[in-house]
Amino acid sequence: MPAPKVADEVRKACRIHARLLDAFIAMTEQELAQLTPGFAEESLVESLEKMRAARKSYGGLAGVMAVDVETSNAA
């Protein structure tokens, strides 16, 4: 089944959203690494799950995909 066509303007907006989410996810992960277990940690973990789901959606529409460099097998 062919992928639906997405207008260039929508792709551009999706790329911007994806890029901003990537940055916010990275900042949230850094903050999370400094926390001890508790409510704040649970809240950030929940937020990360939602942001990652949104990032996946925007990336799919924009034709871009996030790659985790640490787990990538690329040389």
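Conventions used here
- Residues numbered from 1 in each chain as written.
- Predicted model: local features only at pLDDT ≥ 70, side-chain atom pairs only at ≥ 80, totals over all residues.
- Heavy atoms only, no water.
- Helix = DSSP H or I, 4+ residues; strand = E, 2+ residues; numbered from the N terminus.
- Buried < 20%, exposed > 50% of the residue type's maximum accessible area, 1.4 Å probe, protein only.
- Contact = heavy atoms within 4.5 Å.
- Areas by Shrake-Rupley, 256 points an atom, 1.4 Å probe, with all protein chains shown as cover.
- Polar contact = N/O pair within 3.5 Å; in protein donor to acceptor, adjacent residues only side chain to side chain.
- Salt bridge = Lys/Arg side-chain N within 4 Å of Asp/Glu carboxyl O.
- Expected span 1.5 Å × (residues − 1).

K.L.:
What's the story with the overall build of the protein in this structure? I'm lost.
P.N.:
In terms of helices and strands, the protein carries two helices and zero strands. Within the protein, the proportion of its 75 residues that are buried is 15%. Long-range pairs, those at least 24 residues apart, make up 58% of the contacts in the protein between residues at least 6 apart in sequence. Entry remark: accessible area of the protein is about 6200 Å², with carbon and sulfur atoms responsible for 59%.

K.L.:
Teacher, can you tell me more about the side chain of Thr28 here?
P.N.:
Following the sequence through the fold, Thr28 ends up in helix H1 (residues 8–33). On the basis of relative accessible area, Thr28 is assigned to the buried category, the value being 5%. Separated by 2.7 Å, the side chain of Thr28 and the backbone oxygen of Phe24 make a polar contact. Setting aside anything within four residues of it in sequence, one finds Thr28 in contact with Leu44, Leu48 and Met51.

K.L.:
I would appreciate a short explanation of the side chain of Arg55 in the present structure.
P.N.:
Looking at the element boundaries, Arg55 is found in helix H2 (residues 39–62). A relative accessible area of 8% places Arg55 in the buried class. Side chain to side chain, Arg55 and Asp22 meet in a polar contact 2.6 Å long.

K.L.:
Got a minute to help me understand the pattern of salt bridges in this structure?
P.N.:
It is possible for side chains of opposite charge to pair when their charged atoms get near one another. A full pass over the atoms with the stated rule returns two salt bridges. Residue Asp22 is joined to Arg55 by a salt bridge in which the shortest nitrogen-to-oxygen separation is 2.6 Å. Taken together, the residues span a long stretch of sequence, with Asp22 in helix H1 and Arg55 in helix H2 at a distance of 33 residues. Classification of Asp22 as partly exposed rests on a relative accessible area of 32%. We note a salt bridge from Glu29 to Arg52, for which the minimum N-O separation is 2.4 Å. Here Arg52 lies in helix H2 and Glu29 lies in helix H1, a separation of 23 residues in the sequence.

K.L.:
Help me out: how do you make sense of H1 in this one?
P.N.:
Residue pairs three or four apart in sequence face the same way in an α-helix, which turns once every 3.6 residues. Compared with the 38 Å implied by 1.5 Å per residue over 26 residues, the 37 Å span of H1 between its first and last C-alpha is a close match. Here H1 has its buried residues at Cys14, Ala18, Leu21, Ile25, Thr28 and Leu32.

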